[in-house]
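What the coordinates show
One letter stands for each residue in the lines below.
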Amino acid sequence: MRFLTFFLLACLLPLVSPLRAAQSSIHNEETAEAALTELAKVAASSQKAVLITGASTGIGRMTAELLAENGFYVYAGARKEKDLADLSALKNVEGIRLDVTVEAEIDAAVATVKKGGRGLYGLINNAGVVVLAPLIEVPEGDLAFQIDVNVMGPYRVTKAFAPMLIESKGRISTTGSLSGTATWGFGGPYTMSKFAVEAYTDVLALEMEGFGVTVSVVEPGNFKSKIMASMKDRLLASGYTAEGSLFEDKMSRLLSQPLDRSNLMEPGKVAQAFLDFLTDENPKRRYLVVPNQGEAALTLNAAFTRLAQQNRDQEYTFSREQLIAMLDAALLAQTPAASVAEQAPTE
């Protein structure tokens, strides 16, 4: 019996060492896998995340690509399956279904971002549409649609993500337009929405300052995009005709023109403005980004004209010298602190 026991031990002992080695290997693999999972979590939490609405084409798409290339993790909002798949194929980009007029999709987007574990450092409210019509003829439903997307959209999305942005002391920007300063015929619905974005930006900046959240508006001029072509398609699909309009000739000519903007400059400078806002130590409140000096002059002249109109013949009208002094003070306030120090006289 003792011999049999020794014999069995002799047979089994050679198997013990490999078994222990296998157990050790499995344990090491599990440990390594757990370590990699933990490292992935750490990496995810250290990578700043940004949500962009309206990221399927144009400014939104180019901004998503640029931010992703510069180390941000981008949640790119879009509505169509193909656009979502195309966006998700990009490195550091996750396509996320998001119609800014649908509360359920906004809530689902919040849940997705929370589950990602990266928090949210930046929000870019870029989704927008154009409604073009004379103000005395535009259907109320069309005007409501314009405001719903361009004004209520940023309001809804910012409100939903505000707790995450406050937690990260992050940054919020909205795509405005030079049409938030300068107006144009038949652009009433659109310019009304962009003027509202300007006021929204200023008030939100005041209210979020105490939480360490910085707010800006990026104001593009005319760049290549599909926004005008989409407007024309939507208008014609609704059965609109200029026939019977008080502005029949002008509206007919306008709608007969190609509105695809294919000959205009790519909006790379606009995407760069969003990147600058998210990365600069002292970001600006407003980023006017236009393709030429003419559009810059158009925008600023509109602001100066409005100022002159407000000052004209009012009870406390300011003189030219007083207005210049006010302008000088406003310009100085926009100068970075370091530049002011360099300009200060030395004894």
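Only a predicted model underlies this, so the values are computations on that prediction, with no experimental measurement involved.

**Quick notes on the nonpolar core**
Counting 28 residues, the largest nonpolar core has Ile52, Leu67, Phe72, Val74 and Leu278 as its most contacted members. For this core, the elements supplying multiple residues, two or more each, are strand S1 (49-52), helix H2 (58-69), strand S2 (73-78), helix H3 (81-88), helix H9 (268-279) and strand S7 (286-289). Aside from chain neighbours lying at most four places away, what touches Ile52 is Gly60, Thr63, Ala64, Leu67, Val74, Tyr75, Ala76, Gly77, Ile124 and Asn126. With 26 residues, the next largest nonpolar core counts Leu120, Val157, Ile172 and Ala205 among its residues.

**Notes on the environment of Gln146**
When you line up the elements, Gln146 lands in helix H5 (residues 140-168). Residue class for Gln146 comes out buried when judged on its relative accessible area of 0%. It is 7.1 Å that separates the C-alpha atoms of Gln146 and Ser193, two residues lying 47 residues apart in sequence. Discounting chain neighbours no more than four positions away, the residues touching Gln146 are Val129, Val130, Val131, Val151, Pro189, Tyr190 and Ser193. Within the structure, the side chain of Gln146 is placed 2.8 Å from the backbone oxygen of Val129, a separation counted as a polar contact.

**Quick word on the side chain of Thr201**
Within the secondary structure, Thr201 sits in helix H6 (residues 188-208). On the basis of relative accessible area, Thr201 is assigned to the buried category, the value being 1%. Ignoring anything within four residues of it in the chain, the contact list for Thr201 reads Val215, Ser216, Val217 and Arg285.

**What about the pattern of salt bridges?**
A complete count under the given rule lists 10 salt bridges for this structure. The partner of Arg61 in a salt bridge is Glu65, with the nearest N and O atoms 2.8 Å apart. Here Arg61 pairs with Glu65, and both are found in helix H2, just four residues apart, close to one helical turn. On the accessibility criterion, Arg61 (21% relative accessible area) is partly exposed. Across the pair Glu219 and Arg286 runs a salt bridge, and its minimum N-O distance is 3.5 Å. Of this pair, Glu219 sits in strand S6 (residues 214-220) while Arg286 sits in strand S7, and the two are 67 residues apart along the sequence.

**Focus on the sheet that holds strand S4 (residues 122-125)**
Taken in spatial order, the seven strands line up as S3-S2-S1-S4-S5-S6-S7 in an open sheet, and their pairing is parallel. Only two strands of the sheet have a single partner each, and these edge strands are strand S3 (93-97) and S7. The mean angle between the axes of side-by-side strands here comes to 20°, regardless of whether they run parallel or antiparallel. Strands S2 and S3 of the sheet are contacted by helix H4 (residues 103-116), whose axis makes an angle of about 150° with S3.

**Some thoughts on H4**
For H4, spanning 14 residues, the distance from its first C-alpha to its last is 20 Å, which sits close to the expected 20 Å at 1.5 Å a residue. Taken together, the buried positions of H4 are occupied by Ile106, Ala109, Val110 and Val113. Projection of H4 onto a plane perpendicular to its axis shows the buried side chains occupying an angular sector of 100°, all on one side. Facing away from the buried side of H4 by more than 90 degrees, the exposed set consists of Ala104 and Lys115. Those residues of H4 hidden inside the fold are in contact with S2, S3 and H5. Positive backbone phi, at 75°, marks Gly117, one or two positions downstream of H4.

Rules behind the numbers
- Residues numbered from 1 in each chain as written.
- Predicted model: local features only at pLDDT ≥ 70, side-chain atom pairs only at ≥ 80, totals over all residues.
- Heavy atoms only, no water.
- Core = buried A, V, L, I, M, F, W, Y, C linked by side-chain atoms within 4.5 Å.
- Buried < 20%, exposed > 50% of the residue type's maximum accessible area, 1.4 Å probe, protein only.
- Helix = DSSP H or I, 4+ residues; strand = E, 2+ residues; numbered from the N terminus.
- Contact = heavy atoms within 4.5 Å.
- Polar contact = N/O pair within 3.5 Å; in protein donor to acceptor, adjacent residues only side chain to side chain.
- Salt bridge = Lys/Arg side-chain N within 4 Å of Asp/Glu carboxyl O.
- Pairing = 2+ DSSP bridges.
- Axes fitted to C-alpha atoms, helices over the stretch in contact; angles between N-to-C directions.
- Expected span 1.5 Å × (residues − 1).
- Arc of directions from axis to C-beta.

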